[in-house]
Amino acid sequence: MAMRLGDDSGDDNELHDINVTPFIDVMLVLLIIFMVAAPLATVDIKVNLPASSAKPQPRPEKPVYLTIKSDKQIFIGEEMVTHETMANVLDTLTQANKETTIFFQADKTVDYETLMSAMDSLRKAGYLKVGLVGMETVSTGG
C-alpha cells in the first residue's frame, strides 16, 4: 500500500480557514445600530436643582403665598379664594405682573388631584413661575 504525503500539486485541495467577512459585516451593522439607539435609550430630564452648598435665594420683599389647607381651602396670603377668583386676587397682589414667583405650599394630607387643580388654575391665570415651599430637614452629620 502506497501513500503520498505532502503532495500539494493537486488543485482539489480544500481550505479549512473560516471566512470572517460575514462576521465583520454583521458586527459593523450592529455597531451602527447601537450607536444610533444608545442616545435614544437614555432619559434626558433637565432639572434645575441647586447644589447642597448653595446659599438661599434672597426672599422677595412681599412674597405671594398660595396655600392649600388640609380641608382643601385655598388661600392667597390671608385671603380665602376659589379657583375662579384666584386670577383676580393674584393680579391685584402682583399688579398683574405675570413674572412674579408664586410660592406654593400645601398640607401633606392634600391629595395630588387638588394640587394639580391649583397648579392648573395658576397656569390658566398666566403665572408660570411657581416655587414649592417645604420644611427644611435637619441632617445629623454622619
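- Taking an unreviewed UniProt entry as the reference, the chain is identified by name as Biopolymer transport protein ExbD belonging to Proteus cibi.
- For the record of the chain, the UniProt heading Subunit (unreviewed entry) holds the text "The accessory proteins ExbB and ExbD seem to form a complex with TonB."

## Some remarks on unusual backbone geometry
Now for step 1: Positive phi outside glycine occurs at Lys 72, with the angle close to 70°.
Now for step 2: Turning to its location among the elements, Lys 72 is positioned in the loop between β1 (64–68) and β2 (74–76).

## Points about the pattern of salt bridges
Now for step 1: Per the stated rule, a full pass over the model turns up 5 salt bridges.
Now for step 2: Of the charged contacts, one joins Lys 129 and Glu 99 as a salt bridge, the two residues approaching to 3.2 Å between their closest N and O atoms. On the criterion of sequence distance, the pair formed by Lys 129 in the loop between α3 (112–125) and β5 (130–132) and Glu 99 in the loop between α2 (86–94) and β4 (102–106) is long-range, its members being 30 residues apart.
Now for step 3: Given a relative accessible area of 51%, Glu 99 falls into the exposed group.

What counts as what
- Residues numbered from 1 in each chain as written.
- Predicted model: local features only at pLDDT ≥ 70, side-chain atom pairs only at ≥ 80, totals over all residues.
- Heavy atoms only, no water.
- UniProt positions renumbered as here; feature names shortened; annotations may be inferred.
- Helix = DSSP H or I, 4+ residues; strand = E, 2+ residues; numbered from the N terminus.
- Salt bridge = Lys/Arg side-chain N within 4 Å of Asp/Glu carboxyl O.
- Buried < 20%, exposed > 50% of the residue type's maximum accessible area, 1.4 Å probe, protein only.

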